Amino acid sequence: MQTTMKSSAISGQRVGGARVAARSVRRAQLQVVAASRSQMGRWRSIDADVDASDDQQDITRGRQMVDDLFQGGFGAGGTHNAVLSSTEYLSQARASFNNIEDGFYISPAFLDKMTIHIAKNFMDLPKIKVPLILGIWGGKGQGKTFQCALGYKKLGISPIVMSAGELESGNAGEPAKLIRTRYREASDIIKKGKMCSLFINDLDAGAGRMGDTTQYTVNNQMVNATLMNIADNPTNVQLPGVYKNEDIPRVPIVCTGNDFSTLYAPLIRDGRMEKYYWNPTREDRVGVCMGIFQEDNVVRGDVERLVDTFPGQSIDFFGALRARVYDDMVRKWISEVGIEGIGSKLVNGRQKVSFPKVSMSLDVLLKYGKALVDEQENVKRVQLADAYLSGAELAGNSGSSLPEEYSRR
């Protein structure tokens, strides 16, 4: 009987010890869980509540970093092959200006305006409403888009780009949805720690109303209304059909155009759009032309003389002038190869056709510049549309069919 009591006592001690051990293990597990929730170790950045990166890209980057056993046959399968292809999840609208060479001139006033606007939109200024949109407008061919590209490159920003052609569609509401989608793409990039911006080219050409003869569509109205709504609520931009209050990072918008008076007036008011009229000064024109002719060793004095000779021309005139200088060399090459053989040389040739640098003296540049101006004057002088639309312009003693040599007699 004593033996039975001893054995029961021993078994009771064992059970009690097991319960104590179980409690201590459970307590240790809870401590480990609590510690893991609050830890800030080296892997904290990839936790589900912290990581905002693209999982598909992360999967692809992990290739050849684990044993071949898990990679599948010939690398075609396995755990480190992304389900989506890159064209399905990488933004097609993001522009990179790394291909622009250094040495091009950017106007200090232009860069100052653009930099301040972008910086203010990333700041939390007390009780100050910062306009979300910067509208840069001015004459045709004055280099607004290229100056913006140089500014973005200097700021290290790869913007999300939209063109005027994307602001109209055969489907009602599609351009407005695209604007919201592109805005959220830029916002996602900012959320990952990189500066970004939405850049809209020629806004007035896509959303403006050019006179009474231009049809004002539903998409024009919705594009203006969408931009107004985004400017008023830049941190709450939702896609159509999604109604969820979610704060997203603010994205500065930069747009270019020729005449913003064609836009809806409430859109361009000062609280929504900050306007900047780009009219390059003589110093700006000389600086830009120095960048155009930097490969041709044209001295600054000749560039200044060229700019002063054609003061009424836009900046792209001088780029067209430089391209026109090569006409004589191209004409000589065609005569050597033959008109019938240029196709095989230009398209199917193994070597690209290249020319040595052309001597661009001031006299040569002035000669070709005068030829370009003469062509512009012909367009303004010979108004064939007036003759054709006002009545039947038939061939005879007068009219557009009469050569100019005869008309001078």
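Residues numbered from 1 in each chain as written. Predicted model: local features only at pLDDT ≥ 70, side-chain atom pairs only at ≥ 80, totals over all residues. Heavy atoms only, no water.

Caption draft 1: The arrangement of the packing of helix α10 (residues 300-309) against helix α14 (residues 362-381) in detail. Closest axis-to-axis distance for the α10/α14 pair is 10 Å, and the angle between their directions is 20°. Comparing their axes, α14 and α10 come out roughly parallel. In this structure, the crossing between α10 and α14 has a hand that is right-handed. Contact residues: D302, R305, L306 and T309 in α10; L362, L365 and L366 in α14. A per-class count over the contact of α10 with α14 returns 4 nonpolar, 1 polar and 2 charged. (Axes fitted to C-alpha atoms, helices over the stretch in contact; angles between N-to-C directions. Helix = DSSP H or I, 4+ residues; strand = E, 2+ residues; numbered from the N terminus. Parallel < 35°, antiparallel > 145°, perpendicular 65-115°, else oblique. Left-handed = near helix turned anticlockwise from the far one by under 90°. Contact = heavy atoms within 4.5 Å. Nonpolar A, V, L, I, M, F, W, Y, C, P; charged D, E, K, R; others polar.)

Caption draft 2: Fine view of the packing of helix α11 (residues 315-324) against α14. Between α11 and α14, the least distance of the axes is 9 Å, while the angle of their chain directions is 115°. For the pair α11 and α14, the crossing hand works out as right-handed. For the pair formed by α11 and α14, the contact residues are F317, A320, L321 and R324 on the first element and L365, Y368, G369, A371, L372, V373 and Q376 on the second.

Caption draft 3: How the structure looks around a nonpolar patch on the surface. Taken together, the side chains of V330, L346, V347, V353 and F355 make up a nonpolar region of the molecular surface, amounting to roughly 420 Å² of accessible area. Tracing the backbone through its elements, the reader meets L346 in helix α13 (residues 342-346). (Patch = residues over 30% accessible without salt bridge, like charges linked within 9 Å, V, L, I, M, F, W, Y side chains within 5 Å. Areas by Shrake-Rupley, 256 points an atom, 1.4 Å probe, with all protein chains shown as cover. Salt bridge = Lys/Arg side-chain N within 4 Å of Asp/Glu carboxyl O.)

Caption draft 4: Region of the structure containing the side chain of R180. Here R180 lies in helix α6 (residues 174-191). A distance of 3.3 Å separates a polar atom in the side chain of R180 from a polar atom in the side chain of N229. For R180, the contacting residues outside a window of four places in its chain are T226, N229, V237, Q238, L239 and P240. (Polar contact = N/O pair within 3.5 Å; in protein donor to acceptor, adjacent residues only side chain to side chain.)

Caption draft 5: Helix α5 (residues 144-155), seen in detail. An ideal rise of 1.5 Å per residue puts 16 Å on 12 residues; α5 measures up with 16 Å between its terminal C-alpha atoms. When we look at burial in α5, the residues that qualify are K144, Q147, C148, A149, L150, G151 and Y152. For α5, the elements touching its buried residues are α4 (108-121), β1 (133-137), β3 (198-200), β4 (253-257) and α9 (282-292). G156, located one to two residues past α5, shows a positive phi value of around 75°. (Expected span 1.5 Å × (residues − 1). Buried < 20%, exposed > 50% of the residue type's maximum accessible area, 1.4 Å probe, protein only.)

Caption draft 6: Spatial organisation of the state of the cysteines. Counted by the stated rule, this structure contains 0 disulfides. Note on C148: no disulfide assigned, nearest cysteine sulfur contributed by C255 at a separation of 9.2 Å. (Disulfide = S-S within 2.5 Å.)

Caption draft 7: Representation of the packing of aromatic side chains within the structure. If you walk through the whole model with that rule in mind, you get 7 aromatic pairs. Look at F317 and F318: their rings are 5.3 Å apart centre to centre, the planes differ by 85°, and that puts the pair in the edge-to-face class. The two residues F317 and F318 agree in class, both being buried. (Phe/Tyr/Trp six-rings, centres within 6.5 Å; stacked < 30°, edge-to-face > 60°.)

Caption draft 8: Highlighting the environment of S169. Along the chain, the position of S169 falls in the loop between β2 (160-162) and α6. For S169, a relative accessible area of 27% puts it in the partly exposed group. Setting aside its immediate chain neighbours within four residues, S169 contacts E174, P175 and N219. At a separation of 3.2 Å, a polar atom in the side chain of S169 contacts the main-chain amide nitrogen of N171.

Caption draft 9: Focus on the nonpolar core. Residues I133, Y183, L198, I200, L203 and I253 are the most contacted members of the largest nonpolar core, which totals 31 residues. Elements that contribute at least two residues to this core include exactly β2, α6, β3, α7 (203-207), α8 (218-232) and β4. When near neighbours in sequence (up to four residues on either side) are disregarded, Y183 contacts L132, L198, I230, P234, V237, I248, P249, R250, V251 and I253. Counting residues in hydrophobic clusters, the runner-up holds 23 residues, among them V286, L306, V358 and V373. (Core = buried A, V, L, I, M, F, W, Y, C linked by side-chain atoms within 4.5 Å.)

Caption draft 10: How the structure looks around α11. Within α11, the full set of buried residues consists of I315, F317, F318 and L321. Looking straight down α11, one finds its buried side chains confined to an arc of 150°; they lie on one side. (Arc of directions from axis to C-beta.)

Caption draft 11: Here's a closer look at the sheet that holds strand β5 (residues 273-277). The strand order β2-β3-β4-β1-β5 describes an open sheet built from 5 strands, whose pairing is parallel. Single-partner strands in this sheet number two, and they are β2 and β5. Averaged over all neighbouring strand pairs, the angle between strand axes comes to 20°, with direction disregarded. Bridge analysis of β1 against β4 gives 5 bridges, and the strand direction is parallel. Residue pairing across strands places L134 opposite V254, the latter belonging to β4. Running at roughly 155° to β4, α5 makes contact with β1, β3 and β4 of the sheet. (Pairing = 2+ DSSP bridges.)

Caption draft 12: A look at the pairing of β4. Burial analysis of β4 places 5 of its 5 residues in the buried class, which makes it a mostly covered element. By the alternation rule, side chains of β4 split into I253, C255 and G257 and V254 and T256, which are all buried. Inspection of the sheet shows β3 paired to β4 by 3 bridges, in the parallel sense. From the neighbouring strand, L198 faces β4, where its bridge partner is I253.

Caption draft 13: The arrangement of unusual backbone geometry in detail. We note that K127 has phi near 55°; this positive angle belongs to a residue other than glycine. Along the polypeptide, K127 turns up in the loop between α4 and β1. Unlike most non-glycine residues, D202 shows phi in positive territory, near 50°. Inspection of the secondary structure assignment puts D202 in the loop between β3 and α7.

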